[in-house]
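Report on the structure
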Amino acid sequence: MSELQLKSQRFRTERERDWRQLEALVTKAEKRSASALSNAEILAMPVLYRSTLSALSVARETSLDQGLIGYLENLSARAYFFVYGARSTPLEQLNAFFSRDWPRGVQSIWRETLVALFVTALGAVVAYVLVGADSDWFFTFVDPGLAQGRDPTATQAALRATLYDGADADGLSFFATYLFTHNAEVALLAFALGFAFGVPTIVVLLSNGAMLGAMVHVFVSKGLGYEFGGWLLIHGVTELFAIVLAGAAGLRIGWAVAFPGRQSRLEAMSGAGKAAGAVMMGVVIMLMLAGVLEGFGRQLITSDTVRYAIAGGSAILWGLYFYAPRPDRVMARIGR
Amino acid sequence: MTMAAPTPAERKRMRVLVTPEGVPLNLELATVGQRFGALALDLLIIVGTVVAVTIALAIVFAQTRGGSAEIIGIVWLLGMFLLRNAYFLGFEMSARAATPGKRVMGLRVAARNGGRLTFEAIFTRNALRELELFLPLSLMIAGPIMALQSDMGGWIYLLATIWCLIFVLLPFFNADKLRAGDMVAGTWVLRAPRQKLMRDMADAGAPHQADHSFTPAQLDAYGVKELHVLEEVLRTGDRTTVRAVADRIARKIVYDRRDATDIEFLRAYYHAVRGRMEQGLLMGRRRKDKFDRSV
């Protein structure tokens, strides 16, 4: 009987056990997670994967059993994603993100950051001048729902009240959550719009700046400039910076789409996406912090000096965190 | 990776990944239809969860007579935010690299360069959903209302719709079926169905080998392609097909089956042909199909 067995059949019988074992391991890892595997199983996986892969190349050359080749192809691909897609633990990933990927991403888009900052400032200045010339312009720039009565028709007393009305702490955490989710969606949208050659991102940044400029004029013209600065900047440093960074990340993508340079358009895009993605994850975190500062800090702290101190402190902290030179960068440069 | 020989459309979707060991693996890209199906399932799950959570929170609100309004508001807002963003992130970070919708459709996300799928890549490909999915959706809902309110609105609505469609329909216009998020993140979506190890059809042929003897000329009548078709026929085992195929082969190779049944004859023939062809393979001879005269 055994001489009747084909070589390819014998090949299969001899190795089938290994394949089944690998299949069981991969299925287990896919069903739950990598951590469901024991140490011995994790060590066995690459060995089984390589033997299956070599069986596949042998089978392609010597076997005509389609079912077998299809199975091996499928199993090898599943195991490949697992063996080469093996990720570090979540803690290591978090560490790498905060110590390396995020600040490096922000540094790598410094040009776009300057452009985004300039565009925002431009919007602010233009709106400031226009509202100064004719206060009706205010309503073009600022959504009445957002202004909540803080418009040129308001009296000085009413405006002053809006800056310090944090006495009752009810509903603050809801407010903070609302601000965070709202701002995060806006930032994500500004980033995603960058894909359309960056033009809509510029529009979003301009209108954001214009809203700011118009608001500033309302308060400055009533002699409340200093007080408004504290009210705005306590969270605004973090929030505006985050929105500028989101815009910058969008512009980076848009630039890669429009002018890929020597690379292919797809390569340029995914290269830009790598840095911009890290920045955007950071932006969401910044907006979460800004939401807390806006919802709690601003409503509970009514002293201008403390407000300015928090604003200045956060500016210094972000600046140092993102742009201060790092030892590992120096090492990387020497390595190059 | 399907059992039957790939159709031209399937071959067009095949991509080759060369592993670090130097073995080329054939991967199949997901079709736009499969991806749309997966997305529709995911959206159904999300909307279903939204409805369920809202009802649950409303019950809590009624039970506490409005006392927990703030907490309920926070849970709802954060829940919506997480569902909209973290749903895709969390599932695509898992070992399967697929949302429940993709799992049902047998799809997975993978890095285009064959490397590992990073968290940044998954974040980026889902951040772009704002542009490709949520913006067009909100335009679809809010657009007509805005268009009715002002006289200029109609034109702007039309332009905005066209503009959005460019991004929505992007996967139709590139060979790799990439959506904008895939382009920026450097990912693509592959078919990853699970395949069972099936019976070797030659196993059933061995017992009948003794009752049959074929001449070399009879065994050389066909090529690899026909052998694969025969494998399919045996695997499916459909009675009428088996009979028709057996008759045709017997006629072509001029073979007297004597009292052997159709299936017995086919099994024996399959076993004998495969043995001969595989011997040829060892000598570097591979006959593609019955028209191949090169060997």
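Everything discussed here concerns the structure shown above.
A quick note: this is a predicted structure, and the numbers were derived from the prediction, not measured.

1. Description of the overall build of chain A
- From N to C terminus, chain A includes 14 helices and 0 strands.
- Counting every position in chain A, which comprises 336 residues, the buried fraction comes to 49%.
- For chain A, long-range pairs separated by at least 24 residues make up 78% of all intrachain contacts whose partners lie at least 6 apart in sequence.
- Surface exposure of chain A reaches about 15800 Å², of which carbon and sulfur atoms provide 66%.

2. Some points on the overall build of chain B
- Across its full length, chain B carries 12 helices and 4 strands.
- Expected size for 295 residues packed as a compact globule is a radius of gyration near 19 Å; at 29 Å, chain B overshoots this value by more than 25%.
- Overall, the C-alpha framework of chain B stretches about 85 × 45 × 40 Å when taken along its three principal axes.
- Burial analysis of chain B (295 residues in total) assigns 48% to the buried set.
- Across chain B, the fraction of contacts at a sequence separation of at least 24, relative to all contacts at a separation of at least 6, is 67%.

3. Re the pattern of salt bridges
Residue and element names in this part refer to chain B.
- Summed over the entire model, instances satisfying the criterion amount to 27 salt bridges over all chains.
- For Arg 15, the salt bridge goes to Asp 176, with nearest N and O atoms at 2.8 Å. Taken as a pair, Arg 15 in strand β1 (residues 14-18) and Asp 176 in the loop between α7 (153-168) and α8 (180-185) lie far apart in primary sequence, 161 residues in all.
- Relative accessible area serves as the criterion here: at 17%, Asp 176 is assigned to the buried category.
- The partner of Glu 278 in a salt bridge is Arg 274, with the nearest N and O atoms 3.0 Å apart.

4. Here's the deal with the pairing of strand β4 (residues 187-191) of chain B
Residues and elements named next belong to chain B.
- With 5 of 5 residues buried, β4 lies mostly within the body of the structure.
- Of the two faces of β4, the one carrying Thr 187, Val 189 and Arg 191 and the one carrying Trp 188 and Leu 190 are both buried.
- Two elements, strand β2 (residues 24-29) and β4, share 2 bridges in a ladder whose sense is antiparallel. Within β4, the residue paired with Glu 28 across the bridge is Arg 191.
- Pairing of strand β3 (residues 107-111) with β4, which is carried by 5 bridges, proceeds in the antiparallel orientation. Looking across to β4, one finds that Leu 107 is bridged to Arg 191.

5. Some details on the interface of chain B and chain A
- Facing 77 residues of chain B, the contacting portion of chain A comprises 75 residues.
- Ranking the residues of chain B by area buried against chain A places Phe 81, Glu 120 and Leu 197 of chain B at the top, with a combined share of 11%.
- Inspection of the region where chain B meets chain A yields 3 salt bridges.
- For Glu 21 of chain B, the salt bridge identified is with Arg 50 of chain A, shortest N-O distance 3.1 Å.
- For the interface between chain B and chain A, the tally reads 16 residue pairs in polar contact (both at pLDDT 80 or more).
- With 9 residues, the single largest contributor to the side of chain B that touches chain A is helix α3 (residues 69-93) of chain B.
- Split into classes, the residues belonging to the side of chain B that touches chain A amount to 45 nonpolar, 13 polar and 19 charged.

6. Quick word on unusual backbone geometry
- The backbone of Phe 197 of chain A shows a phi angle near 60°, a positive value even though the residue is not glycine.
- A positive phi is found at Val 254 of chain B, a non-glycine position, where the angle reads about 50°.
- Along the chain, the position of Val 254 of chain B falls in the loop between α11 (239-253) and α12 (262-282).
- Classification of Val 254 of chain B by relative accessible area gives exposed; the value is 68%.

7. What about the packing of aromatic side chains?
- Enumeration according to the criterion identifies 30 aromatic pairs over all chains in this entry.
- With centroids separated by 5.8 Å and ring planes inclined at 70°, the aromatic side chains of Tyr 80 of chain A and Phe 81 of chain A adopt a geometry described as edge-to-face.
- Among the residues examined, Tyr 80 of chain A registers a relative accessible area of 5% and is labelled buried.
- On the basis of relative accessible area, Phe 81 of chain A is assigned to the buried category, the value being 16%.
- Judged by centre distance (5.1 Å) and plane angle (35°), the ring pair of Tyr 80 of chain A and Tyr 84 of chain A falls under tilted. A residue pair is termed a helical-turn pair when its members lie 3 or 4 positions apart in one helix, as Tyr 80 of chain A and Tyr 84 of chain A do in helix α3 (residues 66-84) at 4 residues.
- Put simply, the rings of Phe 97, Phe 98, Trp 102, Phe 241, Trp 318, Tyr 321, Phe 322 and Tyr 323 of chain A touch in pairs and so form one group of aromatic residues.
- Positioned above the aromatic ring of Phe 81 of chain A, the side-chain terminus of Arg 108 of chain B is 4.1 Å from the ring centre.

8. Overview of the packing of helix α11 (residues 225-258) of chain A against helix α13 (residues 304-323) of chain A
All names here are of chain A.
- Where α11 meets α13, the axes come as close as 7 Å, and the angle between the chain directions of the two elements is 20°. For the element pair α11 / α13, the angle class is roughly parallel. Considering the relative orientation of α11 and α13, their crossing is left-handed. Here Gly 225, Tyr 226, Glu 227, Gly 229, Gly 230, Trp 231, Leu 233, Ile 234, Val 237, Thr 238, Phe 241 and Leu 245 of α11 lie close against α13, whose contacting residues are Asp 304, Arg 307, Tyr 308, Ile 310, Ala 311, Ser 314, Ala 315, Trp 318, Phe 322 and Tyr 323.

9. Remarks on a nonpolar patch on the surface
- The grouping of Trp 155, Leu 158, Leu 159, Ile 162 and Ile 166 of chain B at the surface amounts to a nonpolar patch, some 560 Å² of accessible area in total.
- A relative accessible area of 56% means that Leu 159 of chain B is categorised as exposed.

10. Section: the nonpolar core
- Judged by nonpolar contacts, the single largest core of 95 residues is most densely connected at Trp 19, Phe 195, Leu 245 and Val 283 of chain A.
- Once you skip the residues sitting within four places of it in the chain, Leu 245 of chain A turns out to touch Val 106, Ile 109, Thr 113, Val 279, Val 283, Met 286 and Phe 322 of chain A.

11. Looking at the sheet that holds β3 of chain B
All names here are of chain B.
- With antiparallel pairing, 4 strands are arranged side by side in an open sheet as β1-β2-β4-β3. Of all strands in the sheet, those bounded by a partner on one side alone are β1 and β3. This sheet shows a mean twist of 55° between the axes of neighbouring strands, independent of strand direction.

12. Remarks on a positive patch on the surface
Residues and elements named next belong to chain B.
- Residues Arg 248, Arg 251, Lys 252 and Arg 293 make up a contiguous surface patch of positive charge.
- If you trace the backbone, Arg 248 turns up in helix α11.
- Owing to a relative accessible area of 59%, Arg 248 belongs among the exposed residues under this scheme.

13. Quick word on the pairing of β1 of chain B
Residues and elements named next belong to chain B.
- Only one face of β1 is buried: it carries Arg 15 and Leu 17, and the other face, with Met 14, Val 16 and Val 18, is open.
- Pairing analysis gives 5 bridges linking β1 to β2, with the strands arranged antiparallel. What sits directly across from Leu 17, in β2, is Leu 25.
- Between β1 and β2, which pair antiparallel one after the other, the connecting turn spans 5 residues, and Gly 22 there sits at a positive phi close to 85°.

14. Considerations on the environment of Ala 242 of chain A
All names here are of chain A.
- Along the chain, Ala 242 falls in helix α11.
- Residue class for Ala 242 comes out buried when judged on its relative accessible area of 0%.
- With 150 residues separating them along the chain, Ala 242 and Glu 92 place their C-alpha atoms 25 Å apart.
- Sequence-distant contacts of Ala 242, that is, excluding residues within four places in its chain, are made with Val 283, Met 286 and Leu 287.

Cut-off values and rules
- Residues numbered from 1 in each chain as written.
- Chains lettered and ligands numbered in written order.
- Predicted model: local features only at pLDDT ≥ 70, side-chain atom pairs only at ≥ 80, totals over all residues.
- Heavy atoms only, no water.
- Helix = DSSP H or I, 4+ residues; strand = E, 2+ residues; numbered from the N terminus.
- Buried < 20%, exposed > 50% of the residue type's maximum accessible area, 1.4 Å probe, protein only.
- Contact = heavy atoms within 4.5 Å.
- Areas by Shrake-Rupley, 256 points an atom, 1.4 Å probe, with all protein chains shown as cover.
- Rg over C-alpha atoms; globule rule 2.2 N^0.38 Å.
- Salt bridge = Lys/Arg side-chain N within 4 Å of Asp/Glu carboxyl O.
- Pairing = 2+ DSSP bridges.
- Buried area = accessible area lost by both parts, 1.4 Å probe.
- Polar contact = N/O pair within 3.5 Å; in protein donor to acceptor, adjacent residues only side chain to side chain.
- Nonpolar A, V, L, I, M, F, W, Y, C, P; charged D, E, K, R; others polar.
- Phe/Tyr/Trp six-rings, centres within 6.5 Å; stacked < 30°, edge-to-face > 60°.
- Lys NZ or Arg CZ within 6 Å of the ring centre and 35° of its normal.
- Axes fitted to C-alpha atoms, helices over the stretch in contact; angles between N-to-C directions.
- Parallel < 35°, antiparallel > 145°, perpendicular 65-115°, else oblique.
- Left-handed = near helix turned anticlockwise from the far one by under 90°.
- Patch = residues over 30% accessible without salt bridge, like charges linked within 9 Å, V, L, I, M, F, W, Y side chains within 5 Å.
- Core = buried A, V, L, I, M, F, W, Y, C linked by side-chain atoms within 4.5 Å.
- Lys, Arg positive; Asp, Glu negative; His and termini not counted.
- Charge placed at Lys NZ, Arg CZ, Asp CG, Glu CD.

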